[in-house]
Amino acid sequence: MATTERSFITNVWDFFCSLKLTLFLLFSLALTSIIGTIVPQGVTPPEYIAQISATKLQIYTKLGFFDMYHSWWFIALLYVFSVNLISCSIKRLPHVFKFISQPTLVLGEGLRNSFSLKGDLSFSGSIEKGKERLVEFLGKEFSAPVITEHNGEYHLFAQKTAWCRLGVYVVHLSILVIFIGAIIGSLFGYKGFVAIVEGTSVNAFERQNGQQMPLGFELLCEKFNVEFYANGAPKEFRSTLTVLENGKPVPGYSQVKVIVNEPLTYKGITFYQSSYGKASEGGEHYITVTPRNGGPTEKFTVREGVPVTLKDGTTFKLLEATQEVRPFAPGFSGPAARIEVARKGAAPQTFITFKNFPDMNAQRGDALIFGYEGTNAKQYTGLQVAKDPGVWVVWLGCALMVIGIGVAFFMSHKRIWVVVSKGNARIYGNASKNQAAFQMQFEEISEKFQHLKI
Amino acid sequence: MSSSMLFNVTTFTYLISMLAFFAFLASKNRSVGLAGSFIAYAGLVIQTVAIGLRWKESYALGVGHAPMSNLYESIVFFSWTIVLLFAYIDIRYKYRVIGAFVMPFALLGMAWAQMGMNTGIEPLVPALQSNWLLYHVITCFLGYAAFAVACGISIMYLIKSAFESTNTSAPAGGLMSMFPPLKVLDDLNYRAIMIGFPLLTLGIITGAAWANYAWGTYWSWDPKETWSLIVWFVYAAFLHARITKGWVGKRAAWLSVIGFLATIFCYLGVNLFLSGLHSYGGGS
Ligand code: HEM
């Protein structure tokens, strides 16, 4: 009974320590991750739901496919992954430490034969003299050796960078550190969004779960600008923000320019430029109407979509306006409006009028020339709000990973033994990585070794 | 002399180099192989000048930025890194015949870029105006190129091992004698991935750092991010497979090929079939 219990525990332990499990987990993570790149994540678009069958929808929902990277089974995979990583390290680390702290000082026959790097030296001096000379030689050419007497022979052992065998364990530890950072972030951090109309301030924002959350200070949007390249592509989205405490600007946080890739951080909360738009309230536009045959220009103040009737019975309404037309009409710039004009008894026509191109407006061969003079409408800036106290732990993990991989791949534990017998000495070498490079170094040493005069 | 002309010359040079390597395979004539290498190096130099010139031209247009900002520029850079890595392996390990399996990747990239894509220099949209773009793209593509080389080497491994298992009696003569021994191919595959894996890791980390800096989220499971992680898992599996009994040799070679297919999907497929934050989409 006791033995079967023991063997059961051993079996479970072996299971969690096995590299086959590691491979299985790595493949499983790789394969299942694909699901989330095909099935839309987060808020499922209605078009997508309309396009799949009801049973499929039900199964996907049950399996958490719409938020699969947070589904119980994906998280479970990550837990097993961590357990596998930790068990493997617990099992192997003591051996590695022993390997480093208690190196093989005496080179047995088996090992001697297994090394491909070796060299021979015959000498006429005494074995003591040979030993001393070779200790000095190794110290000078490689590193100071440990001397062990064994069966009338001296075994000299020298090594370099033994600690680099720990590199892979640093890599593995780094993965756990990154997980810890991610967990800290998900427990104590948050993400949200806030829209601020130009000239106004906010003291709270909306979290991703829809809940309002106080900022603890006020954030004022002084101005929002968009700039475009000549081809109509956006060049810069810029909010000018000021942080207010008790209604007063905080020194150093006044009129801060925030653009994409240059956020503003205050008290651990960071604001990222993410979107913009027209504020819904306010928003009057100025339209001019000039009779082509001369006569005074009339100026109208209109709201979007609200029709205006002129004296001659013509009605017009502003359909939409932009303060920068370039992305829609490359070659033009500045404010423009799309308006719909209906002469009395005629079908309505829609066209675009520009602020900066009166000639274009006049080219439309109609009795009335319409112009656009801009708006008093305000824009709002949309800012992503985030706080993540775990991010430094994640970067620490990343740094460990890079260092660990560097050590694991590009450094090697180099060992050289010299076995000194009477009148004869043999040199053996071994490296944990990059044998080819070590071979060159070894051959150089071995060459000198074989020409020693003792 | 404009950069686009030089890119055309580069493409042509890579074509000639590849053909020379094929001729080398068929003829076993060493000087043909040497010619293949030298033509590839010449192409590399021309392409380097062309990339520098394009960089300069972008400043002349008033939209100055490093030439790595769209699909076209990234493919050109990808080809460049592949040839650079081939040159390294050729000079360091002297297995010239690998060129026959690696140059086609470089040629394919250049040909597709020159013929199928909009080659115009575009201004940078706000999201890309960051130095992180440079660090991120350079590390990722150096990694991808190393994986391309590893894939070429693995294909050689698979061909050679298939050939040897069917022709056990006759010593592998003919074409196969040109290939490095299986053990060497296996080792070179591992070495290429040892270059690619750290670079991919750095690429993912720089991408995460950039995303955190620009949006406040270092990881958002965007399809491109996820696919780069999938690629990373596959190569991590490769590294562990090598130290697991029964997974060396052929299976490792297959893993390397699968890894490269996943890399290509991460690079191109995601843009063509899935949607996300990354901008290397819509080549035309
Ligand atoms: C459950 C997860 C994992 C387990 C149990 C595990 C276990 C191991 C073990 C036992 C070794 C061999 C160490 C030795 O040579 O004595 C190893 C090597 C290594 N592992 Fe992991 N590992 C895991 C995940 C990862 C991941 C995700 C990475 C990604 C960076 C990684 C990177 C490495 C590297 C770079 C090596 C060295 C390989 C080589 O020298 O070729 N490991 N791992």
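Calculation rules
Residues numbered from 1 in each chain as written. Chains lettered and ligands numbered in written order. Predicted model: local features only at pLDDT ≥ 70, side-chain atom pairs only at ≥ 80, totals over all residues. Heavy atoms only, no water. Helix = DSSP H or I, 4+ residues; strand = E, 2+ residues; numbered from the N terminus. Rg over C-alpha atoms; globule rule 2.2 N^0.38 Å. Buried < 20%, exposed > 50% of the residue type's maximum accessible area, 1.4 Å probe, protein only. Contact = heavy atoms within 4.5 Å. Areas by Shrake-Rupley, 256 points an atom, 1.4 Å probe, with all protein chains shown as cover. Lys, Arg positive; Asp, Glu negative; His and termini not counted. Charge placed at Lys NZ, Arg CZ, Asp CG, Glu CD. pLDDT = per-residue confidence, 0-100. Donors = N, O, S within 2.8 Å, 3.2 Å for Na, K, Ca; no water. Tetrahedral: all angles 85-135°; square planar, octahedral: opposite > 155°, others 65-115°. Salt bridge = Lys/Arg side-chain N within 4 Å of Asp/Glu carboxyl O. Phe/Tyr/Trp six-rings, centres within 6.5 Å; stacked < 30°, edge-to-face > 60°. Lys NZ or Arg CZ within 6 Å of the ring centre and 35° of its normal. Pairing = 2+ DSSP bridges. 1 Å grid on protein atoms, 1.4 Å probe; cavity = no way out; pocket = protein on both sides within 12 Å on 5 of 7 lines; lining within 4 Å. Points joined across faces, edges and corners; volume = space filled by probe spheres on them. Nonpolar A, V, L, I, M, F, W, Y, C, P; charged D, E, K, R; others polar. Axes fitted to C-alpha atoms, helices over the stretch in contact; angles between N-to-C directions. Near = heavy atom within 4 Å. Polar contact = N/O pair within 3.5 Å; in protein donor to acceptor, adjacent residues only side chain to side chain. Sits in = over half its atoms within 2 Å of the grid points. Buried area = accessible area lost by both parts, 1.4 Å probe.

(A) Fine view of the overall build of chain A. Scanning chain A from terminus to terminus reveals 11 helices and 21 strands. Here chain A has a C-alpha radius of gyration of 38 Å; the compact-globule value for 454 residues is 22 Å, and the former is much larger. Dimensions of chain A, computed from the C-alpha atoms along their principal axes, are close to 125 × 65 × 50 Å. The buried share among the 454 residues of chain A stands at 43%. Looking at chain A alone, contacts between residues at least 24 apart form 58% of all its contacts between residues at least 6 apart. Carbon and sulfur atoms form 59% of the exposed surface of chain A, whose accessible area is close to 23,900 Å². With 44 positive and 35 negative side-chain charges, chain A shows a separation of 4 Å between the mean positions of the two kinds.

(B) Quick peek at the overall build of chain B. When helices and strands are tallied, chain B shows eight helices and zero strands. If you list the helices and strands of chain B from N to C, you get α-α-α-α-α-α-α-α. Relative to a compact globule of 284 residues, whose C-alpha radius of gyration would be 19 Å, chain B shows 20 Å and is just as compact. Principal-axis analysis of the C-alpha atoms gives chain B an extent of 65 × 45 × 30 Å.

(C) Geometry of the confidence of the model for chain B. Residues and elements named next belong to chain B. Predicted confidence across chain B gives a mean pLDDT of 86, with 93% of residues reaching 70 or more. Mean pLDDT across the elements of chain B bottoms out in helix 8 (residues 250-273) (89) and peaks in helix 7 (residues 223-242) (93). Under a pLDDT of 50 for its full length, residues 279-284 has, in the predicted model, 17 contacts with residues more than four places off or in other chains. Under the prediction, the complex receives an ipTM of 0.88, its pTM being 0.84.

(D) A look at the coordination of the iron atom of the ligand. Protein coordination at the iron atom of the ligand: the donors are His172 of chain A (NE2) and His240 of chain B (NE2), at 1.9 Å from the metal. Around the iron atom of the ligand sit six donor atoms; with metal-centred angles ranging over 85 to 179°, the donor geometry is octahedral. Of this pair, histidine 172 of chain A sits in helix 8 (residues 167-188) while histidine 240 of chain B is found in helix 7, placing the two residues in two different chains. Taking relative accessible area as the criterion, histidine 172 of chain A reaches 19% and is therefore assigned buried.

(E) Here's a closer look at the pattern of salt bridges. All names here are of chain A. Inspection of the entire model under this criterion finds 22 salt bridges over all chains. Taking the shortest distance from any N to any O, the salt bridge between arginine 112 and glutamate 153 comes out at 3.6 Å. Here the residue arginine 112 occupies a position in helix 6 (residues 109-114), and glutamate 153 occupies one in strand 3 (residues 153-160), the gap between them amounting to 41 residues. In terms of burial, arginine 112 and glutamate 153 fall into one category: buried. Residue lysine 448 pairs with glutamate 141 through a salt bridge whose shortest N-O separation is 3.1 Å. Linking lysine 448 in helix 11 (residues 435-450) with glutamate 141 in helix 7 (residues 127-141), this pair joins segments that are 307 residues apart in sequence. The network of salt bridges with shared partners includes Glu109, Arg112, Glu153 and Arg426.

(F) The environment of isoleucine 230 of chain B, seen in detail. With respect to the helices, strands and loops of the structure, isoleucine 230 of chain B is situated in helix 7. Note on isoleucine 230 of chain B: relative accessible area 3%, which makes it buried. Distance from isoleucine 230 of chain B to cysteine 266 of chain B, taken between C-alpha atoms, is 8.6 Å for residues 36 residues apart in sequence. In this view, isoleucine 230 of chain B contacts Ala30, Ser33 and Ile34 of chain A; residues no more than four positions away in its chain are not counted.

(G) The arrangement of unusual backbone geometry in detail. Although it is not a glycine, threonine 161 of chain A sits at a positive phi angle of roughly 45°. When you line up the elements, threonine 161 of chain A lands in the loop between strand 3 and helix 8.

(H) Structural view of the packing of aromatic side chains. Tallied over the full model, the rule gives 47 aromatic pairs over all chains. Arranged with centres 5.7 Å apart and planes meeting at 85°, the rings of phenylalanine 74 of chain A and tryptophan 221 of chain B form a pair that is edge-to-face. Here phenylalanine 74 of chain A, found in helix 5 (residues 72-101), pairs with tryptophan 221 of chain B, found in the loop between helix 6 (182-215) and helix 7, and the two come from separate chains. With respect to class, phenylalanine 74 of chain A is no different from tryptophan 221 of chain B; both count as buried. Put simply, the rings of Tyr60, Phe65, Phe66, Tyr69, Trp73 and Phe74 of chain A together with Trp219 and Trp221 of chain B touch in pairs and so form one group of aromatic residues. Across from the ring centre of tyrosine 154 of chain A, 4.7 Å away, lies the NZ or CZ of lysine 131 of chain A, which sits over that ring. One residue, arginine 242 of chain B, lies across the ring of tyrosine 190 of chain B, its end atom 3.9 Å from the ring centre.

(I) Spotlight on the sheet that holds strand 16 (residues 336-342) of chain A. Strand order across the open sheet formed by four strands is 14-15-16-17 (chain A), with antiparallel pairing between neighbours. The sheet is open, and its two edges are formed by strand 14 (308-309) and strand 17 (349-354) of chain A, each paired on a single side.

(J) Inspection of empty space enclosed by the protein at higher detail. All names here are of chain B. All told, the structure shown has two cavities of 30 Å³ or more when counted by the stated rule. What the largest cavity holds in volume is close to 40 Å³. Phe7, Ile51, Arg54, Pro67, Glu73, Val76 and Phe77 together form the lining of the largest cavity. Looking at the lining of the largest cavity, the elements that each hand over two or more residues are helix 2 (30-60) and helix 3 (71-93). Considering each element in turn, the lining of the largest cavity owes the most residues, three residues, to helix 3. Along the lines of polarity and charge, the residues of the lining of the largest cavity split into five nonpolar, no polar and two charged.

(K) Spatial organisation of the sheet that holds strand 13 (residues 298-303) of chain A. Residue and element names in this part refer to chain A. As summarised here, the arrangement of the three strands in space is 13-12-18, forming an open sheet in which the pairing is antiparallel. Either end of the sheet is taken by a strand with one partner, and the two such strands are strand 13 and strand 18 (368-375). Neighbour to neighbour, the strand axes of the sheet diverge by 30° on average, direction disregarded. The pairing of strand 12 (residues 284-291) with strand 13 spans six bridges and is classified as antiparallel. When the sheet's bridge partners are listed, tyrosine 286 is paired in strand 13 with threonine 301.

(L) Expanded view of the site of the ligand. Lining the immediate environment of the ligand, one finds 20 residues, of which Val168, His172 and Lys433 of chain A together with Tyr190 and His240 of chain B sit closest. Histidine 172 of chain A has a polar side-chain atom sitting 2.8 Å from a nitrogen atom of the ligand. At a separation of 2.6 Å, a nitrogen atom of the ligand approaches a polar side-chain atom of histidine 240 of chain B. Among the detected pockets, the ligand sits in the second largest pocket. Those elements that provide at least two residues to the shell around the ligand are helix 2 (19-38), helix 5 and helix 8 of chain A together with helix 6 and helix 7 of chain B. When its residues are assigned to classes, the shell around the ligand shows 14 nonpolar, four polar and two charged.

(M) Quick look at the interface of chain A and chain B. Listed by partner, the interface residues are 44 residues for chain A and 46 residues for chain B. Note on chain A versus chain B: buried area summed over both sides is about 3,900 Å², and carbon and sulfur give 73% of it. If you sort the residues of chain A by the area they bury against chain B, Thr37, Asn261 and Phe409 of chain A come out on top, with a joint share of 17%. Connecting chain A to chain B are zero salt bridges. Linking chain A to chain B there are seven residue pairs in polar contact (both at pLDDT 80 or more). A total of 12 residues in the side of chain A that touches chain B trace back to one element, the largest contributor, which is helix 2 of chain A.

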